[in-house]
Amino acid sequence: MIRLALGMSLALCVTGPATAQTLHLMKGIDAPHYDAQRTTWGPTSDIVNMFQDTLVALDWDGRTPVPYLAKSWTISEDGRTYTFKLRDDVSFCSGKKFTAEDVVYSFKRLKDPAIKAPYAWRAGVIKELRATDPYTVEYELEEPYSELLLQLTMFTNVIHNKESVEALGKDYGIKGADGTGPWCFESWQPRTEIVLKRHDAYKWGPSLYKNKGPVKFEKLSVKIMPEESSRVAAMMAGQFDMTHQFPPQFIAQARAAPMLTVTPAKPNFQLLYFGFKTTRPMVSDKRVREAMSIAINRAEIAKGVLLGNADPAFTIVDSDALDHDAGTRGIVKEDVERAKALLDEAGWKIGSDGVREKDSIKLQPKVYYTQAGNTPRVAEAIQGYLRRIGVQWQLQPWDSTIASAKMAEQDYEIWSVTVPYLSAGDLMNIYFDSRNIPTPNRMNWKDTETDEWLKQGRSALTDTDRAKYYALVQQKVMREHLWMPVLNINMDQVANKKITDARPHMIYQNTFYKGLDVSRQK
Amino acid sequence: MSAETLDTGFARESETGVFARAGVLRRLARDRAAALAGLVLTVIVLAALFAPWIAPYDPYFTDLTKVMRPPDAEHWFGTDNTGRDILSRVIFGTRNTLILGLVGVIVGGLIGGIMGIFATYYRRLDGWIMRLVDIMLAFPAILIGLAVAAIFGAGLSAVAIALVVATVPAVAREARGAAMGVMGHDFMEAGRAVGVSDGALIWRYLTLNCISTIFVFLTLRFGQIILTGSALGFLGMGAQPPTAELGMMAAQGRDFLFMAPHIATIPSCVIFVIVLAANLLGDAFRDVFDPRLQT
């Protein structure tokens, strides 16, 4: 209760009274900057999606690209050239007219080695972009890329205004950034608040929204509140309109609160998994990996640890996601006795202290993860299950500031992250391609077949072919038990009851997306 | 004057040990608060010592079908967020917490005491040692713990190092102060004059005459060290799962304060009781040993 009181006090201190013209959002973590091309950071993506736009938008189903800045497109027979017809009624917040030159500039910048864009691959292997007229762009690829349209919905592929980029230089995305989105960048106070204002000229909302623009609020304030209890108290006290980062352990309280509405984002593809570094002797044997994967009870973890805010994951790709292979569903079968037998078979025998050993080495793999979110609690629960089969996980949580650097090292056996993704191809091309060793392919998985199938899937000219090759990859990596899928994490949007038409989107852990329909009852 | 004549009076009295002073234990027993604190600490220490035999359940056994249960007949202190028995974890956690406190007190006291006494006896070292002590005092224990954990990784060792480093300068100052008083006595000068070795003078005459002061200081310090160790555990610098440690257990429970307050409050209360008992006992020791407080 003291924490609740403190949290409420803090909430009252950091937020002013809600005004009718301002929409108040709140989240737990800020971004390093808001230049979408220079990061993979989720907290950048949600804000960027508000003030900048992509050629195509992602529909509510999480798998269908719909026209946005591009009103239509055609694809050449060889799958290498996309011709986009652009809207001619779009302008940036600065007032500058949006044209094909902005598209060409944006993707050239994305591919510029100086930018070091970590997600440049999402735009495909670009050969050339041509503005054949002010509202037509020819997007030519070196090789076909079957998921190009889906990937173009991602925040890293938003369209930038060259004048804004050049005028702001190193401060681009920090002191400002121009965009064509429904909101305009106004100010940012790092780790405190970002303020956006209405883009009055905006009227090109994608088909998924009833309101094509402009938005129904003059301003949008997004406050950063790292303390979970403070976020709970602030929402309960009515100081904020919405958040997509309500602590999951308090979702039940939010559902019971008369002033709040909880809406799950459906579909939502967020996998919490543990990966095995196959080059480490302790987990190089797939029998050991499988034993760990089948010795746990995912349903109990979902219910007991996540309090029902997650679903058990038995496959690496969610069954609702594009190109999920139904044939992978029976590969992970929880069975403690079989787990023990597999470890025996692999030569790991129970030692005097109850921990298995082989050649005088204890089966005590080091497990790295970030000391935040759900992972620490899930890791502890799994540690408890594995003690029963003689495996002693050595948990090593790292602060989020150094976790990714630590996970790029090689002296541990297992790691865990929670990854949002769009489709089977999206997830697997990031993690299982040998070109991505040592990170994000931290398994050090180097397999010719996998690489070839991924390439075939990427460059497939038909949906059937793409699904076929991605199914082969799913079968292979799951039978090798390179990952231990554990939970599909739910994402809930919590809003004040006065907020209406705030349907949560699923794109990259960002429920607000464009927020065009959101309004507040009088 | 011969060396033997030095083994009398003030110097010899201290050699017989701090508890052997006439009536020390009797006077401690007369102080009701101290007696109660001593009893509580004894029970806690015994429980920690015999943890494997006393704990009703395996402190590491998880049961996700029984998460966050409030205290009941089956689990007297309830269960935590992975269904582990909190009473068993408190018993094992107390053991780790006490070990950390003792390591901080004993190792820190030893190093600090040596530094203080050497700084006093060897005047040429005084400036160097005390400047080092000043530098060490400039860093709070929490900061040292964070630095050690960042370099070597979080764990009980990191906390132990931080507690030792935090204890050393305070003890060194206290020991130096006490030793300065002893150095002013004639028997020290006399010992040097008759050729008693440095080692004998430092140990038999200087150290043994300072030891009660240092001991009292450390008993007062013990509670503070426990609290600092628990704070480091709370911040995630200490024991790593599944190891039980009171500070870490309190931290794990904070996310569930609204729905299962017992997970955080029970280990916090145990920390409170240990620290209170240690402080009361430390106060009582000071009252008994400090001649200025005796009437």
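The model shown is predicted, which means the values in this text are computed figures rather than measured ones. (Residues numbered from 1 in each chain as written. Chains lettered and ligands numbered in written order. Predicted model: local features only at pLDDT ≥ 70, side-chain atom pairs only at ≥ 80, totals over all residues.)

Things to note about the overall build of chain B
Right, on to step 1. When its secondary structure is counted, chain B shows 12 helices and zero strands.
Right, on to step 2. When its helices and strands are written in sequence order, chain B yields α-α-α-α-α-α-α-α-α-α-α-α.
Right, on to step 3. Counting across all 295 residues of chain B, residues that qualify as buried make up 47%.
Right, on to step 4. In chain B, once contacts between residues fewer than 6 apart in sequence are set aside, the share between residues at least 24 apart is 71%. (Helix = DSSP H or I, 4+ residues; strand = E, 2+ residues; numbered from the N terminus. Buried ≥ 20, exposed ≤ 12 C-beta atoms within 10 Å, placed from the backbone. Contact = placed C-beta atoms within 7 Å.)

Section: the overall build of chain A
Right, on to step 1. Secondary structure summary: chain A contains 15 helices and 24 strands in total.
Right, on to step 2. For chain A, whose C-alpha radius of gyration is 24 Å, the value lies close to the compact-globule estimate of 24 Å for 522 residues.
Right, on to step 3. Each principal axis of the C-alpha atoms in chain A carries an extent, and together these give about 75 × 65 × 40 Å.
Right, on to step 4. Taken over 522 residues, chain A has a buried fraction of 52%.
Right, on to step 5. Taking the intrachain contacts of chain A between residues at least 6 apart in sequence as the baseline, contacts between residues at least 24 apart amount to 70%. (Rg over C-alpha atoms; globule rule 2.2 N^0.38 Å.)

Some remarks on the pairing of strand 6 (residues 126-133) of chain A
Right, on to step 1. Pairing analysis gives six bridges linking strand 6 of chain A to strand 7 (residues 136-141) of chain A, with the strands arranged antiparallel. Residue pairing for strand 7 of chain A: Leu 129 of chain A is matched across the bridge by Tyr 139 of chain A. (Pairing = 2+ DSSP bridges.)

A few points about the sheet that holds strand 4 (residues 70-75) of chain A
All names here are of chain A.
Right, on to step 1. Ordered by their spatial adjacency, four strands build an open sheet running 4-5-7-6, and the pairing between neighbours is antiparallel. Each edge of the sheet is formed by a strand with only one pairing partner; in this case those strands are strand 4 and strand 6. Ignoring strand direction, the axes of neighbouring strands in this sheet form an average angle of 20°.
Right, on to step 2. Pairing of strand 4 with strand 5 (residues 81-86), which is carried by five bridges, proceeds in the antiparallel orientation. (Axes fitted to C-alpha atoms, helices over the stretch in contact; angles between N-to-C directions.)

Brief notes about the domain arrangement of chain A
Residue and element names in this part refer to chain A.
Right, on to step 1. Considered domain by domain, chain A is made up of domain 1 (1-28 + 182-266 + 491-522), domain 2 (34-166) and domain 3 (270-489).
Right, on to step 2. With centres defined by C-alpha atoms, the gap from domain 1 to domain 2 works out at 27 Å.
Right, on to step 3. Taken together, the 25 residues of domain 1 in the interface contact 24 residues of domain 2.
Right, on to step 4. Looking at the side of domain 1 that touches domain 2, the elements with two or more residues in it are strand 8 (183-189), strand 9 (193-198) and strand 10 (219-224).
Right, on to step 5. Top element by residues in the side of domain 1 that touches domain 2 is strand 8. It accounts for four residues. (Domains from an automatic or database assignment.)

A few points about the nonpolar core
Right, on to step 1. With 159 residues, the main nonpolar core has Ile 301 and Leu 487 of chain A as its most contacted residues.
Right, on to step 2. Setting aside residues up to four positions removed in sequence, Ile 301 of chain A forms contacts with Ile 296, Leu 306, Val 378, Ala 381, Val 486 and Leu 487 of chain A together with Leu 64 of chain B.
Right, on to step 3. Judged by nonpolar contacts, the second largest core, of 78 residues, contains Ala 34, Ala 162, Val 182 and Ala 260 of chain B. (Core = buried A, V, L, I, M, F, W, Y, C linked by C-beta atoms within 7 Å.)

Description of the sheet that holds strand 15 (residues 349-350) of chain A
All names here are of chain A.
Right, on to step 1. Read across the sheet, three strands follow the order 15-16-17 without closing on themselves; strand pairing throughout is antiparallel. A strand with exactly one partner marks an edge of an open sheet, and here the two such strands are strand 15 and strand 17 (361-362).
Right, on to step 2. Bridge analysis of strand 16 (residues 356-358) against strand 17 gives two bridges, and the strand direction is antiparallel. Bridging from a neighbouring strand, Lys 358 pairs with Ile 361 of strand 17.

A few points about the interface of chain B and chain A
Right, on to step 1. Counting from both sides, the interface comprises 18 residues of chain B and, opposite them, 20 residues of chain A.
Right, on to step 2. When the residues that make up the side of chain B that touches chain A are grouped by side-chain class, the tally is nine nonpolar, eight polar and one charged. (Nonpolar A, V, L, I, M, F, W, Y, C, P; charged D, E, K, R; others polar.)

Details of unusual backbone geometry
Residue and element names in this part refer to chain A.
Right, on to step 1. Residues Gly 213 and Pro 214 are joined by a peptide bond in cis, for which omega reads -5°.
Right, on to step 2. Within the element layout of this structure, Pro 214 appears in the loop between strand 9 and strand 10.
Right, on to step 3. The omega angle of the peptide bond from Lys 266 to Pro 267 is -10°, so this bond is cis rather than trans.
Right, on to step 4. With respect to the secondary-structure elements, Pro 267 resides in the loop between strand 12 (260-264) and strand 13 (270-276).
Right, on to step 5. Non-glycine residue Arg 191 carries a positive phi angle of around 60°.

What about the environment of Leu 281 of chain B?
All names here are of chain B.
Right, on to step 1. Structurally, Leu 281 is set in helix 12 (residues 262-289).
Right, on to step 2. For Leu 281, a count of 24 C-beta atoms within 10 Å puts it in the buried group.
Right, on to step 3. Note: C-alpha distance between Leu 281 and Met 68 (213 residues apart in sequence) is 35 Å.
Right, on to step 4. Contact partners of Leu 281, with chain neighbours within four places excluded, come to Ala 34, Ala 37, Gly 38, Leu 41 and Thr 219.

As for the confidence of the model for chain B
Right, on to step 1. Looking at chain B as a whole, its pLDDT mean stands at 86, while 90% of the residues score no less than 70.
Right, on to step 2. Per-residue pLDDT stays below 50 along residues 1-16 of chain B; that stretch engages in 19 contacts with residues further than four places along the chain or on separate chains. (pLDDT = per-residue confidence, 0-100.)

What about the packing of helix 13 (residues 424-431) of chain A against helix 14 (residues 448-458) of chain A?
Residues and elements named next belong to chain A.
Right, on to step 1. Close contact between helix 13 and helix 14 brings their axes to 11 Å; oriented N to C, the two are set at 140°. In this view, helix 13 runs oblique relative to helix 14, as classed from their interaxial angle. Handedness of the helix 13/helix 14 crossing: left-handed. Of helix 14, the residues touching helix 13 (which contributes Gly 425, Met 428 and Asn 429) are Leu 454, Gly 457 and Arg 458.
Right, on to step 2. In the contact of helix 13 with helix 14, the residues fall into two nonpolar, three polar and one charged. (Parallel < 35°, antiparallel > 145°, perpendicular 65-115°, else oblique. Left-handed = near helix turned anticlockwise from the far one by under 90°.)

Re helix 15 (residues 463-479) of chain A
Right, on to step 1. Compared with an ideal rise of 1.5 Å per residue, which puts 17 residues at 24 Å, helix 15 of chain A spans 24 Å between its outermost C-alpha atoms and is within 8% of the ideal.
Right, on to step 2. Buried residues along helix 15 of chain A sit against helix 13 and helix 14 of chain A. (Expected span 1.5 Å × (residues − 1).)

Thoughts on the packing of helix 11 (residues 246-254) of chain B against helix 12 of chain B
Residues and elements named next belong to chain B.
Right, on to step 1. Relative to each other, helix 11 and helix 12 sit at 155°, their axes nearing to 7 Å. Compared by their axis directions, helix 11 and helix 12 come out roughly antiparallel. In this structure, the crossing between helix 11 and helix 12 has a hand that is left-handed. Counted together, Leu 246, Met 249, Ala 250, Gln 252, Gly 253 and Arg 254 of helix 11 and Ile 263, Ala 264, Pro 267, Ser 268, Val 270 and Ile 271 of helix 12 form the full contact between these two elements.
Right, on to step 2. Residue composition of the contact of helix 11 with helix 12, by class: eight nonpolar, three polar and one charged.

Thoughts on the environment of Asp 171 of chain A
Right, on to step 1. Within the secondary structure, Asp 171 of chain A is located in the loop between helix 5 (162-168) and strand 8.
Right, on to step 2. Along the sequence, Asp 171 of chain A and Pro 397 of chain A sit 226 residues apart, while their C-alpha atoms lie 33 Å from each other.

Quick word on the pairing of strand 22 (residues 492-496) of chain A
Regular strands place their side chains on alternate faces of the sheet.
Residue and element names in this part refer to chain A.
Right, on to step 1. Burial of strand 22 is extensive: five of the five residues sit out of reach of the surface.
Right, on to step 2. Residues Asp 492, Val 494 and Asn 496 point to one face of strand 22 and Gln 493 and Ala 495 to the other, with burial holding for every one of them.
Right, on to step 3. Of the strand pairs in this sheet, strand 11 (residues 242-243) and strand 22 are connected by two bridges, and their pairing is antiparallel. The residue bridging Thr 243 from the neighbouring strand is Val 494, located in strand 22.

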